[in-house]
Amino acid sequence: QVQLVESGGGLVQAGGSLRLSCAASGRTFSNYAMAWFRQAPGREREFVAAIKWSGGSTYYADSVKGRSTISRDNAKNTVDLQMNSLKPEDTAVYYCAATLIFVAPPTTSSGYAYWGQGTQVTVSS
């Protein structure tokens with residue numbers, strides 16, 4: 001089992017940037033594919049970005065493609081999400097997720113067994 005703790009959320013103006021970080025503990029981090037999801041009030045949880053074990057393959061939702069970068073450091077057991085040019089519609093709770101079984105496309109929340117508690121991102125207009 002792996003435990004996940006997100007950090008880095010906050011309040012930012014539209015056009016600004018945030019870097020979210022997820023720290024993992026427990027089993028061998030490099031065995032897990034990692035992802036970020038988000039959930040806005042009254043909406044379903046949606047996929048944001050994912051990265052495979054080695055970091056060589058990344059996936060992005062169309063809504064964040066070109067504005068966000070997911071990366072991982074297997075030596076530090078962390079996965080980050082750099083978000084630029086933030087928009088008010090990016091406002092949501094952002095969750096880190098992990099899975100041992102990677103299925104492409106990695107966009108379905110049910111494919112991830114482990115979740116963090118989430119970090120709030122609020123983008124003001």
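Everything below is about the structure shown above.
Asks: Just to check I follow, could you spell out the side chain of Arg 38 for this structure?
Replies: Along the polypeptide, Arg 38 turns up in strand β4 (residues 33-39). Only 2.5 Å separates the side chain of Arg 38 from the side chain of Glu 46, close enough to count as a polar contact. Among the polar contacts listed, one links the side chain of Arg 38 to the side chain of Tyr 94, at a separation of 2.9 Å. For Arg 38, the residues in contact, after removing those within four places along its chain, are Glu 44, Arg 45, Glu 46, Val 48, Ser 63, Val 64, Glu 89, Asp 90, Ala 92, Val 93 and Tyr 94.

Asks: Whenever I open this one, a nonpolar patch on the surface confuses me. Can you help?
Replies: A cluster of nonpolar side chains, Leu 100, Ile 101 and Val 103, forms an exposed patch at the surface whose accessible area comes to about 310 Å². Looking at where Ile 101 falls in the secondary structure, it is placed in the loop between β9 (92-99) and β10 (114-115).

Asks: Please clarify how the pattern of salt bridges should be interpreted in this entry.
Replies: Side-chain pairs of opposite charge can arise whenever the charged atoms involved come near each other. Scanning all chains against the criterion turns up five salt bridges. In this structure, Asp 90 and Arg 38 form a salt bridge, with 2.9 Å as the shortest nitrogen-oxygen distance. With Asp 90 in the loop between β8 (78-83) and β9 and Arg 38 in strand β4, this pair connects stretches of sequence that are 52 residues apart. With respect to burial, Asp 90 and Arg 38 carry one shared label: buried. In this structure, Asp 90 and Arg 67 form a salt bridge, with 2.8 Å as the shortest nitrogen-oxygen distance. Linking Asp 90 in the loop between β8 and β9 with Arg 67 in the loop between β6 (58-60) and β7 (68-73), this pair joins segments that are 23 residues apart in sequence. The network of salt bridges with shared partners includes Arg 38, Glu 46, Arg 67 and Asp 90.

Conventions we followed
- Residues numbered from 1 in each chain as written.
- Predicted model: local features only at pLDDT ≥ 70, side-chain atom pairs only at ≥ 80, totals over all residues.
- Heavy atoms only, no water.
- Helix = DSSP H or I, 4+ residues; strand = E, 2+ residues; numbered from the N terminus.
- Polar contact = N/O pair within 3.5 Å; in protein donor to acceptor, adjacent residues only side chain to side chain.
- Contact = heavy atoms within 4.5 Å.
- Patch = residues over 30% accessible without salt bridge, like charges linked within 9 Å, V, L, I, M, F, W, Y side chains within 5 Å.
- Areas by Shrake-Rupley, 256 points an atom, 1.4 Å probe, with all protein chains shown as cover.
- Salt bridge = Lys/Arg side-chain N within 4 Å of Asp/Glu carboxyl O.
- Buried < 20%, exposed > 50% of the residue type's maximum accessible area, 1.4 Å probe, protein only.

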